[in-house]
Structures are given as structure tokens and as C-alpha cells.
Amino acid sequence: MTSRKLLVGILLATILGQGVILIGMVVKAAMPLWVGQSVPVETVPVDPRSLLRGNYARLNYAFSRLPKKLFDGATPKRPGEVVYVVLQRGDNGLYEASAASLTRPDSGVFLRGRVTRAYSPYRIRYGIEAWFAPKVAALALEKDLADGGIAELRVTSDGQAAIESVRGRGTR
Amino acid sequence: MRLIRLLKKDLVREMSDWIEAGHITTDQARAIATGYGVDFDAAKHPTGAYGLLVGLGYLFVGLALITLIGANWEEIPRELRLGAIVGVTMLTHLNGLRHFLNDRRTTALALFFLGNLFYGASIALTAQIYHLGEHMPDGIFIWALGTLPFGLALRSPWLTLVSLSLGLLWFFVELEVGFYPLAMPIFLVAAVYVLRYASTSLTLFLSTAASIGVWLEVSLAELWSDDYGRNFEPEHLFIGAAYVLLCKSFGQWLSQRSSVRSRDYGVALSLWSLRFALVSLFILSFEFLWEELIEADFDYLAHAIPWLIALFAGAIAFGWRSGHGISVAAQTIAMTGVMTAAVAITDSSHAVLFQVAANLLLVASGAVLIWRGIEQAVTHYFYLGIGTILFTGFLRYVDLIGGYVGSAVLFLAMAGVLIGAARFWRYWNTRTAQ
């Protein structure tokens with residue numbers, strides 16, 4: 001194979017590689033919406049704007065900050081560690097954190113997150129902290145969620161989550 | 001080391017005028033240009049402006065698309081939006097490949113550049129459509145990594161620069177959210193590879209040198225981290241100073257290589273190291289910085305010493321091979337002395353002594369630059385020296401040292417340097433005329 005043919009091959013592989021990565025990103029992001037279990041949780045919004053990605057509301061959850069007592073055994077030592085947070089359905093129908101661990105639970109509903117602050121109260125991100133919307137819709141949502149809201153999550157059996165919808169407490 | 005190496009196009013333009021005036025022949029002009037690694041006939045009819053304008057045009061096309069996405073493109077169905085942007089990315093790249101196969105490299109590079117912008121926009125759109133809030137740096141990393149093979153395969157400095165810039169952006173965003181980006185060396189090694197084998201690109205070269213310095217400092221902060229996170233310590237200042245000396249010495253060594261490209265890089269690295277050192281000295285000419293340094297605990301000094309030894313040893317080794325060994329060794333000894341004094345002295349009232357030393361060093365640097373500017377007939381050094389002394393004077397006028405008497409003494413020293421330089425210049429001119 002001549003070096004030019006090899007070069008063209010590398011370029012073609014890179015172009016196709018980019019296509020595969022983009023499709024892979026879409027499939028991975030959409031998977032919880034396709035196969036996940038519906039899990040409603042309480043959320044509180046804040047409203048920044050991403051220069052790169054448009055208008056969005058940043059969503060906070062009670063389980064975004066975990067106290068040390070929620071961990072059964074070992075606690076996170078460094079940012080970036082994977083944490084599993086077990087959710088239990090409360091009397092109001094909304095799910096809340098009941099336990100946390102560094103090992104994956106065998107059953108039940110749980111979220112897979114990463115530690116961003118490695119001391120109590122631990123700060124965890126799950127990939128469900130942003131809700132993108134057009135500017136007008138984002139402003140309306142902000143008003144709607146003024147007293148808190150409910151995020152309808154979809155969670156897969158391995159703890160990956162995606163937001164299906166966000167609504168105010170009084171709306172259905 | 002001649003700064004004219006960085007102004008080759010101006011040299012070609014001047015030589016065209018000399019040919020017209022009959023001072024030199026075209027063959028002589030070609031021979032001179034070859035000595036600077038320039039094709040005289042090609043440089044007379046530059047195509048760079050065309051490529052640059054096309055590149056900028058494509059940049060704005062890309063920005064328009066990203067802005068459109070940023071404004072939430074809600075009216076179009078999700079699948080159509082994704083299909084459209086992924087399709088546009090692929091088609092742009094394939095069009096670039098078609099131009100490449102037809103030996104239209106400039107157009108191909110511009111299209112690959114645009115395709116990579118679309119690739120980034122596609123990642124952003126996917127994140128937006130699926131409300132991906134987790135770890136946004138991952139998106140930037142995937143973008144940077146996807147761009148990298150184009151720069152490497154085509155040995156294109158500009159595409160590599162795009163990749164390195166995205167890699168740096170990812171590096172800083174990762175640090176911001178508390179993570180240490182382990183994969184950063186991939187971008188640095190790739191940049192070094194392209195610099196080794198591609199055509200000259202001072203922008204990529206200087207960006208790479210600066211990025212390696214930043215990466216080294218941050219990596220040491222990570223190495224010295226504790227339960228509360230990364231530690232940026234006073235020792236980082238020492239490491240930074242040693243790294244700049246290494247760059248300066250490496251630049252001097254490079255500037256003596258036989259390869260035209262190495263000599264260009266050497267001149268640029270030496271010059272920018274010098275500028276960086278002067279700016280650092282201006283910052284260190286204030287007392288409060290030395291007070292903080294003296295009061296610092298230096299908890300990581302034992303960890304920093306092996307790195308300092310390695311950086312200084314590298315600087316001396318390059319200095320030795322380029323015939324500047326004694327000068328580099330003297331600078332190493334002076335820097336080590338200042339570092340030792342800053343660590344050993346614990347009374348912060350002595351900070352003023354360091355401040356005076358930094359100011360005198362600035363004045364001395366200005367004097368040396370003026371002397372070099374005159375002796376080597378390089379106006380840039382001459383005016384850099386004048387500028388250094390004047391700016392030092394301005395800083396000390398608004399921020400006095402030890403009251404009016406101290407500042408008056410310093411101003412007298414500056415006056416002595418300037419008048420001395422003027423007399424030396426007159427003497428030099430007279431001698432040259434004779």
C-alpha cells in the first residue's frame with residue numbers, strides 16, 4: 001500500500017470514526033429514554049445560560065449533596081469516583097435517596113453518579129443537571145418552577161439516568 | 001541569532017525592490033532567500049492570504065451553525081436535527097477528502113477545518129437535545145480527540161493547533177470541575193510530532209511550549225494535592241522560572257542548528273522566553289509578592305528540588321552545547337541564590353531587599369538589551385531595553401520603594417544606564433564609521 005493510499009485510509013477511517021462517535025453518543029444518551037424505568041424526583045432549578053449549548057435550566061436535587069451517614073461502608077476519597085445512590089419511593093410518590101455506596105447495588109432503583117466534592121456533604125453529578133429549552137420556554141419554566149418542581153427521570157438497570165420532562169409542582 | 005528570521009516575507013519584498021533598483025540580481029536574491037529557507041519565486045506571489053480568507057469564511061459558516069443550534073432549534077424534530085447535522089459533518093469531510101484526492105490541499109484543509117467545527121456542533125447539539133448535564137468536558141474531549149487525526153495525518157499545523165486549543169480548553173474545564181485530565185499529554189506529543197515533520201508554524205510551536213509549561217505546573221499541583229484538592233504552592237513559581245530558563249537555553253541551542261526550521265523556532269523561543277521573563281520581573285518588582293513568598297511555608301520544597309535540578313541541568317546542558325554555558329550557569333546560580341534566600345529568610349520586612357534586587361535586575365536587563373541592540377544592530381532589542389527601563393521607572397513612580405529617597409536613588413541608577421547607553425552608542429557609531 002502506498003503512503004498516499006494509507007493516508008487516504010486514515011482520513012476515511014477518521015471521518016467514519018467521527019460518525020460512529022456521534023451516533024454512539026446519541027444511542028447512549030437516548031438509551032434510558034428507551035428502556036429506563038420512570039422515576040419522578042423533586043428538583044430545584046437555577047438558570048444559567050451555556051454559551052456553547054444555548055439556554056438551559058440547571059437542576060439541583062436533594063441527592064446532589066449526600067451526607068456521610070448515607071454511605072454504608074467506604075466513602076469517596078477523590079473527585080471522579082463513581083457512586084451509586086439507592087432511591088426509594090416516598091409517601092408522596094416521589095423518589096428520595098435512602099443509601100449510597102461505592103459498589104453497585106444488586107437490585108432496586110439506583111443512580112450512577114460521579115463525585116465532584118470528596119468530603120461531606122459529598123457533591124455528586126448524575127448527568128441530569130441540565131434542562132435545555134428555547135429562551136421563552138426556559139423563562140416560562142423558570143416561573144413555573146419558582147416553588148420547586150418535579151423532574152420525571154428514566155433510569156436504566158445500571159443506574160444511567162435521563163430527564164424525560166420537568167414540570168412545576170402544581171402542574172401535571 | 002537574528003530576528004530577521006521572523007520577517008522573511010518582508011525580506012523577500014525588500015529584495016524585489018533591490019532587484020528593480022539593480023542592487024542585486026535575481027539569482028542573488030534566490031540565494032539569499034534559500035539561506036532563510038524561503039522559495040523566493042513562490043514568496044513573491046503569496047497564496048497565504050487566499051487560504052486565510054477562505055479559512056476565516058468557513059469559520060464564520062461554522063459559527064453561524066453553532067449559533068443556530070445554541071438558540072434552540074426546537075421547531076425541527078429531534079431526529080431530523082441530529083440526522084442533518086451528522087450528515088452535514090460527514091458530507092463536509094468527504095468533500096474535503098475529494099479535494100485532497102484531486103491535489104487541492106488548501107481547499108481540502110479548509111473543508112476539514114469546517115467539518116471539525118460541525119463535528120463539535122454535533123456533539124453540542126446531542127448534549128442539548130438529550131439534556132446531558134453530566135461532565136460537559138467529555139464533549140470537548142471527544143471533539144479535540146476527533147480533530148487530532150486530521151492534524152497528524154495531514155501534518156497540518158493549523159488543524160493540530162485547533163486540536164491542541166480544544167485539548168487545553170478541556171484541560172482547564174476538567175480542572176475547574178475538580179478532575180485531573182490524564183490524557184493531556186496525547187495532545188502535547190501530537191503537537192511535537194507535527195512540529196517535527198510539518199512546515200514551520202511559530203504559533204503552534206510557541207503554543208506547545210507554553211502548554212507544556214502549564215501542564216507541568218498543574219501536574220505538580222495534582223501530585224502535591226491533599227484531601228482538600230490541588231495545591232498551587234510558592235514552589236510553582238520556582239519551577240516556572242526554571243522552565244523559562246530551560247526554554248531560553250533550548251531556544252539558543254535550536255537557533256544554532258543547521259535546519260532552517262529549527263533556527264526559526266530557536267529565535268522565536270528565545271525571544272518569547274525573554275519577553276515572558278521581563279513581564280515576570282515586572283510582577284516581582286512589587287514588595288507584597290516577596291512578603292507573601294517569604295511568609296510561605298514551602299511544604300513541598302523537597303518534592304520540588306528534583307524537578308528544579310532536572311530543569312536547571314537541562315538548561316545548562318543546552319547552554320553548554322550552544323556556547324552559552326557560562327551565562328546559563330551564572331543565571332542558574334543567581335536564581336538558586338534568590339530561591340534559597342526566599343526560603344531561608346523568615347522576616348517579611350526583608351521583602352524590600354528582594355524588591356530592590358528585582359528592580360535593579362530590570363534596569364540591568366534593560367541596559368544589556370540596549371547594548372545588544374546597538375552591538376548587533378537589532379532595533380527590537382534596543383527598544384525592548386528602552387521600554388523595560390521606562391516601564392520600570394513608571395512602576396516605581398506610582399509605587400515608590402522605601403519612600404522618596406529610595407525611589408530617587410533608583411531613578412538615578414536608571415538615568416546612569418540610559419546616559420551610559422547613549423555614550424556607548426555614540427562611541428560605537430564613531431568606531432564603525434572609522
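Rules used in this analysis
In this convention, every chain numbers its residues from 1, walking through the sequence in written order. To read the labels, note that chains go from A and ligands from 1, taken in the order they are written. Two thresholds apply to this predicted model, a pLDDT of at least 70 for residue-level local features and 80 or more for giving and counting side-chain atom pairs, whereas whole-chain, interface and lining totals are computed over all residues. Helix and strand labels come from DSSP, where a helix needs a run of H or I of at least four residues and a strand needs a run of E of at least two; each type is numbered from the N terminus. In this scheme the burial state of a residue depends on its C-beta neighbours within 10 Å: 20 or more other such atoms mean buried, 12 or fewer mean exposed, and anything in between means partly exposed; the C-beta positions come from the backbone. Contact between residues is assigned whenever the C-beta positions, reconstructed from backbone atoms, fall within 7 Å. When residues are sorted by character, Ala, Val, Leu, Ile, Met, Phe, Trp, Tyr, Cys and Pro go into the nonpolar class, Asp, Glu, Lys and Arg into the charged class, and all the rest, Gly among them, into the polar class. Axis lines are fitted through C-alpha atoms, for helices just across the contact stretch, and the angle between N-to-C directions can take any value from 0 to 180 degrees. Put simply, angles under 35 degrees are roughly parallel, angles over 145 are roughly antiparallel, angles from 65 to 115 are roughly perpendicular, and the rest are oblique. If you view the pair so one helix is near and one far, a crossing is left-handed when the near helix is turned anticlockwise from the far one by less than a right angle, and right-handed when it is turned clockwise. A helix's residues, less one, multiplied by 1.5 Å, set its expected span. Fitting axes to the seven residues that end at a residue and to the seven that start at it, the angle between those axes gives the bend at that residue. Joining buried Ala, Val, Leu, Ile, Met, Phe, Trp, Tyr and Cys residues through C-beta atoms within 7 Å gives a set, and that set is a nonpolar core. Pairing between strands is defined by DSSP: at least two bridges between them are needed. Known as pLDDT, the predictor's per-residue confidence is scaled from 0 to 100.

Participant: Explain the overall build of chain B to me, please; I cannot follow it from the model alone.
Facilitator: Helices and strands together make up the secondary structure of chain B, namely 18 helices and zero strands. For chain B, the C-alpha atoms occupy an extent of roughly 75 × 75 × 40 Å along the three principal directions. Per-residue burial for chain B yields a buried fraction of 37% across its 434 residues. Across chain B, the fraction of contacts at a sequence separation of at least 24, relative to all contacts at a separation of at least 6, is 64%.

Participant: Help me out: how do you make sense of the overall build of chain A in this one?
Facilitator: Broken down by element type, chain A carries two helices and 11 strands. Residues counted as buried form 34% of the 172 residues belonging to chain A. Intrachain contacts of chain A at a sequence separation of at least 6 include 65% that bridge at least 24 residues.

Participant: I tried to follow the interface of chain B and chain A on my own but got confused; where do I start?
Facilitator: It is common to report an interface's size as the accessible area lost on association of the parts. At the junction of the two partners, chain B supplies 35 residues and chain A supplies 37 residues. Those elements giving two or more residues to the side of chain B that touches chain A turn out to be helix H4 (48-70), helix H5 (78-101), helix H6 (105-129) and helix H7 (137-154) of chain B. Sorting elements by how many residues they give to the side of chain B that touches chain A places H5 of chain B first, with eight residues. Considered class by class, the residues forming the side of chain B that touches chain A number 20 nonpolar, 12 polar and three charged.

Participant: I keep staring at the environment of Ile 19 of chain B and nothing clicks. Help me out?
Facilitator: All names here are of chain B. With respect to the element layout, Ile 19 can be found in helix H1 (residues 8-21). Considered as a pair, Ile 19 and Ser 285 are 266 residues apart in the sequence and their alpha carbons are 50 Å apart. Not counting residues within four places of it along the chain, the set of residues in contact with Ile 19 comprises Ile 24, Thr 26 and Ala 29.

Participant: Sorry if this is basic, but what is going on with the packing of helix H8 (residues 157-176) of chain B against helix H9 (residues 184-197) of chain B here?
Facilitator: How two helices pack is summed up by the angle between their axes together with the distance between the axes. Residue and element names in this part refer to chain B. The contact between H8 and H9 brings their axes to 10 Å, and the two run at 160 degrees. What the angle tells us is that H8 and H9 run roughly antiparallel. The handedness of the crossing between H8 and H9 is left-handed. Mapping the contact onto sequence places Pro 157, Thr 160, Ser 163, Leu 164, Gly 167 and Phe 171 in H8 and Met 184, Phe 187, Ala 190, Ala 191 and Val 194 in H9.

Participant: What's the story with helix H1 (residues 3-35) of chain A in this structure? I'm lost.
Facilitator: Side chains three or four residues apart in an α-helix point the same way, a direct result of the helix having 3.6 residues per turn. When the terminal C-alpha atoms of H1 of chain A are compared, their 46 Å separation across 33 residues agrees well with the 48 Å that a helix rising 1.5 Å per residue should span. Along H1 of chain A, the sharpest kink reaches roughly 35 degrees, centred on Ala 29 of chain A and followed within four residues by the proline Pro 32 of chain A. Residues of H1 of chain A that are buried: Leu 11, Thr 14, Ile 15, Gln 18, Leu 22, Met 25, Val 26 and Pro 32 of chain A. The inward-facing, buried residues of H1 of chain A abut strand S10 (149-155) and strand S11 (161-168) of chain A together with H5, H6 and H7 of chain B.

Participant: When you look at the packing of helix H10 (residues 202-223) of chain B against helix H11 (residues 235-254) of chain B in this model, what are you seeing that I'm missing?
Facilitator: Residues and elements named next belong to chain B. Two elements in contact, H10 and H11, have axes separated by 11 Å at closest approach and are oriented at 155 degrees. By the angle between their directions, the pair H10 and H11 is classed as roughly antiparallel. H10 and H11 meet at a crossing whose hand is right-handed. Contact residues: Ala 209, Gly 213, Leu 216, Glu 217, Leu 220 and Ala 221 in H10; His 236, Ile 239, Gly 240, Tyr 243 and Cys 247 in H11. In terms of residue class, the contact of H10 with H11 is made up of seven nonpolar, three polar and one charged.

Participant: Help me out: how do you make sense of the nonpolar core in this one?
Facilitator: Where a protein is soluble and globular, its nonpolar side chains tend to be buried together. Val 85 of chain A together with Phe 113 and Ala 242 of chain B are the most contacted members of the largest nonpolar core, which has 110 residues in total. The element that contributes the greatest number of residues to this core is H6 of chain B, accounting for 16 residues. The residues touching Ala 242 of chain B, leaving out its near neighbours within four places in the chain, are Leu 308, Leu 311 and Phe 312 of chain B. In terms of nonpolar packing, the next biggest core, distinct from the first, is built from 21 residues, Leu 284, Leu 362, Ile 370 and Tyr 381 of chain B among them.

Participant: Would you mind showing me how to read the environment of Ser 255 of chain B here?
Facilitator: Examined against the element boundaries, Ser 255 of chain B turns out to sit in the loop between H11 and helix H12 (260-283). Between the C-alpha atoms of Ser 255 of chain B and Phe 286 of chain B, which are 31 residues apart in sequence, the distance is 34 Å.

Participant: How do you make sense of the pairing of strand S6 (residues 95-101) of chain A when you look at a structure like this?
Facilitator: Consecutive residues of a regular strand have side chains that alternate between opposite faces of the sheet. Residue and element names in this part refer to chain A. Examined bridge by bridge, strand S5 (residues 82-89) and S6 share six bridges and lie antiparallel to one another. By the bridge assignment for S6, Arg 89 is matched with Tyr 95. Remark: five residues form the turn of the hairpin made by S5 and S6, two consecutive strands paired antiparallel; Gly 93 in that turn has positive phi of roughly 90 degrees.

Participant: I tried to follow the pairing of S5 of chain A on my own but got confused; where do I start?
Facilitator: Pairing between S5 of chain A and strand S7 (residues 109-117) of chain A: six bridges, direction antiparallel. Bridged to Val 85 of chain A within S7 of chain A is Leu 111 of chain A.

Participant: Even after reading the chapter, I still don't get H7 of chain B, so can you show me in this structure?
Facilitator: For H7 of chain B, with 18 residues, the first-to-last C-alpha span of 26 Å sits near the 26 Å given by 1.5 Å per residue. Counting buried positions over the 18 residues of H7 of chain B gives 13, a clear majority of the element.

Participant: Explain the confidence of the model for chain A to me, please; I cannot follow it from the model alone.
Facilitator: Low-pLDDT stretches of the model should not have their predicted coordinates read in fine detail. On average, residues of chain A score 84 in pLDDT, and 90% of them are at 70 or above. By mean pLDDT, the top-scoring element of chain A is S5 of chain A (93), and the lowest-scoring one is strand S2 (residues 49-50) of chain A (54).

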